[in-house]
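# A look at the structure
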Amino acid sequence: GESVGLHLPTLSVQEGDNSIINCAYSNSASDYFIWYKQESGKGPQFIIDIRSNMDKRQGQRVTVLLNKTVKHLSLQIAATQPGDSAVYFCAENRPSGSARQLTFGSGTQLTVLP
Amino acid sequence: EAGVTQFPSHSVIEKGQTVTLRCDPISGHDNLYWYRRVMGKEIKFLLHFVKESKQDESGMPNNRFLAERTGGTYSTLKVQPAELEDSGVYFCASSLTPSLDNSPLHFGNGTRLTVT
């Protein structure tokens, strides 16, 4: 299943299927992007990151794709499991003066169906 | 390694009262950040400490919010007086370096603040 993170806040997939969560970012100056997973009652947990000089990066069961031309980021989760149910946030790292800030998307609720 | 810890986990206060949130970063992390998520909206940056100095406080919403990090270890975020729109979840995070692509943020579990 697919979702645009900022426009469709929920995504339901069958256990074992692949999930794709999408995110549009706004600042062309952003040079580093992160996906976070947030489970109920917990803080955001780092999943995977990608720098702007790359267009794809793979981790364990997760892949992040970056399309700088259209300012689009996606997170692919292979063989989705019940433990993957959570809210997923994309975040862009914007240089801001002497400091760096993370700007988060609104999040997508992923629900894995048995 | 102990993670970022925040206290309290929940706080319910009345409008006009004062609340102080505490964050203990991961030991050795000089960089400490406060973020918050209000009204189910995006998680937004509040400020960034490097040791005891405020590196960037551009996200602080108004002067009712005061963050401190005396001694460069734990940090407090005080809201005085609290307003209804301050309700939300306040997250603290820390990192080893300010360059986030070399040192990802580690978040605490947050403090859920409810102002009634």
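These lines cover the structure that appears in this document, whether it is placed above or below. Note that the coordinates shown come from a computational prediction; the quantities given were computed from them, not determined experimentally.

Each helix and strand counted, chain B has 0 helices and 11 strands in total. Order of helices (α) and strands (β) in chain B, N terminus to C terminus: β-β-β-β-β-β-β-β-β-β-β. Computed over its C-alpha atoms, the radius of gyration of chain B comes to 13 Å, within 12% of the 13 Å expected for a compact globule of 116 residues. Its C-alpha atoms put chain B at 40 × 25 × 25 Å along the principal axes. Partitioning the contacts of chain B with sequence separation of at least 6, the portion at a separation of at least 24 is 53%. Here chain B has roughly 5600 Å² of accessible surface; of this, 48% comes from carbon and sulfur atoms.

Looking now at the interface of chain A and chain B. Residue-level contacts link 20 residues of chain A with 21 residues of chain B. Across the chain A/chain B interface, buried area totals approximately 1800 Å², and carbon plus sulfur atoms make up 54% of it. Inspection of the chain A/chain B interface yields 0 salt bridges. Between the two partners, chain A and chain B, sit 4 residue pairs in polar contact (both at pLDDT 80 or more). Among the elements of the structure, strand S4 (32-38), strand S5 (45-51), strand S9 (86-96) and strand S10 (99-104) of chain A are those that each provide at least two residues to the side of chain A that touches chain B. Element by element, the count of residues in the side of chain A that touches chain B is highest for S10(A), at 5 residues.

For the rest of this paragraph, the subject is the pairing of strand S4 (residues 31-38) of chain B. Residue and element names in this part refer to chain B. Counting buried positions over the 8 residues of S4 gives 7, a clear majority of the element. Note that S4 and strand S5 (residues 43-50) share 7 bridges and pair antiparallel. Each bridged residue has a counterpart across the sheet, and for leucine 32 the counterpart in S5 is phenylalanine 49. In textbook terms, the turn of a hairpin is the stretch between consecutive antiparallel strands, and for S4 and S5 this stretch comprises 4 residues, one of which, methionine 39, has a positive phi near 50 degrees.

Time to look at the packing of aromatic side chains. We describe a pair of aromatic rings using the distance from one ring centre to the other and the angle between the two ring planes. For the structure on display, the rule yields 11 aromatic pairs over all chains. Site record: aromatic cluster; members linked through ring pairs are Tyr36(A), Phe46(A), Phe89(A), Phe104(A), Tyr35(B), Phe45(B), Phe91(B) and Phe107(B). Sitting over the ring of Tyr74(B), Arg22(B) keeps its end group 3.7 Å from the ring centre.

Residue and element names in this part refer to chain B. Spatially, S1-S3-S8-S7 is the arrangement adopted by the 4 strands of the open sheet, whose pairing is antiparallel. Bordering the open sheet on either side are strand S1 (5-7) and strand S7 (65-68), each of which pairs with just one other strand. Each strand axis lies, on average, 15 degrees off the axis of its neighbour in the sheet, ignoring direction. Of the strand pairs in this sheet, strand S3 (residues 19-24) and strand S8 (residues 75-79) are connected by 5 bridges, and their pairing is antiparallel. Its bridge partner lying in S8, valine 19 is registered against valine 79.

Further remarks concern the side chain of Arg36(B). Residue and element names in this part refer to chain B. Along the chain, arginine 36 falls in strand S4. Here arginine 36 sits buried without a salt bridge, and the closest side chain of opposite charge, aspartate 86, lies 4.1 Å off (N-O distance). Within the structure, the side chain of arginine 36 is placed 3.0 Å from the side chain of tyrosine 90, a separation counted as a polar contact. Once residues lying within four places of it in the same chain are set aside, the contact partners of arginine 36 are Glu42, Ile43, Lys44, Leu46, Pro61, Phe65, Glu85, Asp86, Val89, Tyr90 and Phe91.

Counting residues in hydrophobic clusters, the biggest one holds 21 residues, and the most contacted among them are Trp34(B), Leu46(B), Leu47(B), Met60(B), Leu77(B) and Tyr90(B). In contact with Met60(B), other than residues within four places in its own chain, are Leu46(B), Leu47(B), Phe65(B), Leu66(B), Ala67(B) and Leu77(B). If you look at the next biggest cluster of nonpolar residues, it comprises 20 residues, including Val13(A), Val64(A), Leu75(A) and Ile77(A).

Rules behind the numbers
Residues numbered from 1 in each chain as written. Chains lettered and ligands numbered in written order. Predicted model: local features only at pLDDT ≥ 70, side-chain atom pairs only at ≥ 80, totals over all residues. Heavy atoms only, no water. Helix = DSSP H or I, 4+ residues; strand = E, 2+ residues; numbered from the N terminus. Rg over C-alpha atoms; globule rule 2.2 N^0.38 Å. Contact = heavy atoms within 4.5 Å. Areas by Shrake-Rupley, 256 points an atom, 1.4 Å probe, with all protein chains shown as cover. Buried area = accessible area lost by both parts, 1.4 Å probe. Salt bridge = Lys/Arg side-chain N within 4 Å of Asp/Glu carboxyl O. Polar contact = N/O pair within 3.5 Å; in protein donor to acceptor, adjacent residues only side chain to side chain. Buried < 20%, exposed > 50% of the residue type's maximum accessible area, 1.4 Å probe, protein only. Pairing = 2+ DSSP bridges. Phe/Tyr/Trp six-rings, centres within 6.5 Å; stacked < 30°, edge-to-face > 60°. Lys NZ or Arg CZ within 6 Å of the ring centre and 35° of its normal. Axes fitted to C-alpha atoms, helices over the stretch in contact; angles between N-to-C directions. Lys, Arg positive; Asp, Glu negative; His and termini not counted. Core = buried A, V, L, I, M, F, W, Y, C linked by side-chain atoms within 4.5 Å.

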